Amino acid sequence: MNEHPTSNLHDLSQHWMPFTANRQFKDAPRLFTAAHGMHYTTDDGRRVLDATAGMWCVNAGHGREEIADAVHRQLLELDFAPPFQMGHPLSFDWATRLAGIAPEGMDRIFFTNSGSESVDTALKIAIAYHRARGEPGRVRLIGRERGYHGVNFGGMSVGGIGVNRRQFGQLLPAVDHLPHTQDLARNAFSRGLPEHGAEKADVLEALVALHGADTIAAVIVEPVAGSTGVLPPPKGYLERLRSLCTKHGILLIFDEVITGFGRTGTPFAATTFGIAADILTTAKGVTNGVVPAGAVFVQRAVHDALMQGPESAVELLHGYTYSGHPTACAAGLAVLDIYAREALLTRGAELAPSFEDAVHSLRELPNVIDIRNFGLMAAIELAPRAEGPGRRGYEVMVDCFRSGLLVRAAGDAIALSPPLIAEREHFEEMAAILGEAIKRAS
Ligand code: PXG
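Worth saying up front: this structure is predicted, and the values here are computed from it rather than measured. (Residues numbered from 1 in each chain as written. Predicted model: local features only at pLDDT ≥ 70, side-chain atom pairs only at ≥ 80, totals over all residues.)

**Examining the overall build of the chain**
Stage number 1. Within the chain, the secondary structure is distributed over 17 helices and 15 strands.
Stage number 2. The globule rule puts the C-alpha radius of gyration for 442 residues at 22 Å, and the 22 Å found for the chain is close to it.
Stage number 3. Principal-axis analysis of the C-alpha atoms gives the chain an extent of 65 × 55 × 45 Å.
Stage number 4. Split into buried and exposed, the 442 residues of the chain put 49% on the buried side.
Stage number 5. Partitioning the contacts of the chain with sequence separation of at least 6, the portion at a separation of at least 24 is 72%. (Helix = DSSP H or I, 4+ residues; strand = E, 2+ residues; numbered from the N terminus. Rg over C-alpha atoms; globule rule 2.2 N^0.38 Å. Buried ≥ 20, exposed ≤ 12 C-beta atoms within 10 Å, placed from the backbone. Contact = placed C-beta atoms within 7 Å.)

**Here we look at the sheet that holds strand S11 (residues 368-374)**
Stage number 1. Reading across from one edge, S11-S12-S15-S14 is the order of the four strands in this open sheet, with antiparallel pairing throughout. Unpaired on one side and paired on the other, S11 and strand S14 (408-410) mark the two borders of the sheet. Going across the sheet, the axis of each strand differs from the next one's by a mean of 20 degrees, ignoring polarity.
Stage number 2. Bridge count for strand S12 (residues 377-382) against strand S15 (residues 413-416) is four bridges, and the pairing is antiparallel. (Pairing = 2+ DSSP bridges. Axes fitted to C-alpha atoms, helices over the stretch in contact; angles between N-to-C directions.)

**Comments concerning the site of the ligand**
Stage number 1. Around the ligand, the surrounding shell holds 18 residues, and the nearest of these are Gly-115, Ser-116, Gly-150, Ser-227 and Val-257.
Stage number 2. Looking at the shell around the ligand, the elements that each hand over two or more residues are helix H3 (53-56), helix H6 (115-132) and S14.
Stage number 3. Tallying contributions element by element places H6 first for the shell around the ligand, with three residues.
Stage number 4. Its residues placed into classes, the shell around the ligand shows eight nonpolar, seven polar and three charged.
Stage number 5. Looking at which domains feed residues into the shell around the ligand, each of domain 1 (6-60 + 343-440) and domain 2 (68-341) supplies at least three. (Near = placed C-beta within 6 Å. Nonpolar A, V, L, I, M, F, W, Y, C, P; charged D, E, K, R; others polar. Domains from an automatic or database assignment.)

**Re the sheet that holds strand S7 (residues 216-221)**
Stage number 1. Spatially, the seven strands line up as an open sheet ordered S4-S10-S9-S8-S7-S5-S6, and their pairing is mixed. Since the sheet does not close on itself, it has two edges, and those belong to strand S4 (108-112) and strand S6 (175-178), each with one partner. When the angles between neighbouring strand axes are averaged without regard to direction, this sheet yields 20 degrees.
Stage number 2. In the sheet, strand S8 (residues 251-255) pairs with strand S9 (residues 279-282) via three bridges, with the strands oriented parallel. Residue pairing across strands places Ile-253 opposite Ile-279, the latter belonging to S9.

**Description of helix H4 (residues 65-77)**
Stage number 1. Helix length check: H4 (13 residues) gives 18 Å between terminal C-alpha atoms against 18 Å at 1.5 Å per residue, within 8%.
Stage number 2. Of the residues making up H4, those classed as buried are Ile-67, Ala-70 and Gln-74. Taken around the axis of H4, the buried residues stretch over an arc of 65 degrees, which confines them to a single face. Exposed residues lying more than 90 degrees from the buried face of H4 are Glu-65, Asp-69, His-72, Arg-73 and Leu-76.
Stage number 3. Elements in contact with the buried residues of H4: helix H14 (326-341). (Expected span 1.5 Å × (residues − 1). Arc of directions from axis to C-beta.)

**Let's talk about the domain arrangement of the chain**
Stage number 1. Domain boundaries in the chain define domain 1 (6-60 + 343-440) and domain 2 (68-341).
Stage number 2. Look at where the C-alpha atoms of domain 1 and domain 2 centre, and you get two points 26 Å apart.
Stage number 3. The set of elements that each furnish at least two residues to the side of domain 1 that touches domain 2 consists of H3, helix H15 (344-360), S11, S12 and S15.
Stage number 4. In terms of residue count, H15 provides more of the side of domain 1 that touches domain 2 than any other element does, nine residues in total.
Stage number 5. Classifying every residue of the side of domain 1 that touches domain 2 by side-chain character gives 19 nonpolar, nine polar and six charged.

**Side note on unusual backbone geometry**
Stage number 1. Located in the positive-phi region is Trp-56, a residue other than glycine, with phi close to 65 degrees.
Stage number 2. Assignment of secondary structure puts Trp-56 in helix H3.
Stage number 3. We note that Gln-85 has phi near 60 degrees; this positive angle belongs to a residue other than glycine.
Stage number 4. Topologically, Gln-85 is positioned in the loop between H4 and helix H5 (89-101).
Stage number 5. Exposure remark for Gln-85: the 6 C-beta atoms within 10 Å place this residue in the exposed category.

**Quick notes on helix H10 (residues 203-211)**
Every α-helix carries 3.6 residues per turn, so stepping three or four residues along brings you back to the same face.
Stage number 1. Taken residue by residue, H10 has Leu-204, Leu-207 and Val-208 as its buried positions. The buried residues of H10 occupy one face: seen down the axis, they fall within an arc of 105 degrees. In H10, the exposed positions that point more than 90 degrees away from the buried face belong to Ala-206, Ala-209 and Leu-210.
Stage number 2. Residues of H10 that are buried sit in contact with strand S5 (140-144), S6, S7 and helix H11 (237-247).
Stage number 3. A positive phi of about 90 degrees marks Gly-212, the residue just after H10.

**Remarks on the nonpolar core**
For soluble globular proteins, the rule of thumb is that nonpolar side chains tend to be buried together.
Stage number 1. Residues Ala-126, Val-219, Ile-253, Ile-279, Val-407, Ile-414 and Leu-434 are the most contacted members of the largest nonpolar core, which totals 122 residues.
Stage number 2. For this core, the leading source of residues is H14, giving eight residues.
Stage number 3. Among the domains, domain 1 (6-60 + 343-440) and domain 2 (68-341) are the pair contributing at least three residues each to this core. (Core = buried A, V, L, I, M, F, W, Y, C linked by C-beta atoms within 7 Å.)

**Focus: the environment of Asp-370**
Stage number 1. Within the fold, Asp-370 resides in strand S11.
Stage number 2. Accessibility expressed as a C-beta count within 10 Å gives 18 for Asp-370, which makes it partly exposed.
Stage number 3. With residues near it in sequence (within four places) discarded, Asp-370 still touches Leu-184, Ala-188, Phe-189 and Glu-381.

**So, the packing of H15 against helix H17 (residues 424-440)**
Stage number 1. Between H15 and H17, the shortest axis-to-axis distance is 9 Å and the interhelical angle comes to 15 degrees. Taken together, the axes of H15 and H17 lie roughly parallel to each other. In the crossing of H15 with H17, the sense of the turn from one axis to the other is right-handed. Only Arg-424, Phe-427, Glu-428, Met-430 and Ala-431 of H17 make contact with H15, whose side of the interface consists of Ser-354, Phe-355, Ala-358 and Val-359.
Stage number 2. Taken together, the residues that form the contact of H15 with H17 break down as six nonpolar, one polar and two charged. (Parallel < 35°, antiparallel > 145°, perpendicular 65-115°, else oblique. Left-handed = near helix turned anticlockwise from the far one by under 90°.)

What follows is the structure, given as structure tokens:
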């Protein structure tokens, strides 16, 4: 171990950390200083097994040299090119390659820098699409309770996590929410898709009756909700949502920021579930998390509806200084090479059964009230402590970190989403360390 943890050498007070209990963290920091393969190294020299792919993003594992080399070369060759009314070849190459793994027909790709930007981009495209087709009244956006769609005003508004919204006032008008799909009474300890709850999609019919289909632009859901503790969709649920959207002319947006790039055993959850979305949002795994980037995949028909008017007109008045940044493109192309060469985008399907067995082995431990999983995503839900929700989850997360395992705590649900390079032994190690932490938190 290092004699001097980094936290003793640095002043932690200036950096206002994101989504972090700043005062608590700075009293007892948790700092990583290196990462390779399946492991992080902490500032005091300990190895920590990464059960969360960083934060659902480092799908090909850490420290991949060919990505670093590609980014390095790119910075020396072309560091920046203006993306509005100018361009550079790599963004076109990257879009072409991404279109090659996209679900059928989703071959028009808009680049962003994060999941939050991808979501707000998708919402804007949906509204602009209806307007371009002569239905400017379709402005209403439907999200789902317990959905997470990032932190910008659009994504926060359709998001369904109360605490994330309350601090920020009004949000977008004309937003409504479907009910979430978690149902512990009927579906606890499901392996894969839960049996019960497809009918929860029918609430969309009620929202259409309430607001009128001609006011609704889009429904946005995560095919498998991630941040709120891994909620796989009940069997038949997404099919019903798709058919109701089609029936009422509503666009269906899949937020695949977490599920994209192999997490569910194929490149996208839309492919895994065989459901055609109209717009699909991604980020995270698109660059293996190493350069901030996002990509919005759009059905050609949606894109084409906006390609009208004089050729000199900007068709979509939207974009970012760093849309399709050369470093993101270079990283993204290198990542796609790795994904293809190592067949990582389908590896999750092979690993899923042993991952499932490992997580469900924790079933009999104290306070475990549910375990759910799909592909390489799982959550172990613990009963809240009497002092309030989230306490036990936080305690287990910190205990795991100290014991050499990185997990996420979504309230009292411990979420696991290992890199797609994981081996079976890693799953056993994850279950062993997590199991001990759960026992200590009883
Ligand atoms: N959509 C989904 C489905 C996400 O999971 C975003 C949008 C926003 O992405 P950006 O890149 O703007 O953060 C996300 C992000 C967690 C956790 O522990 C999950 C996310 C972010 C931070 C923590 O569950 N997902």
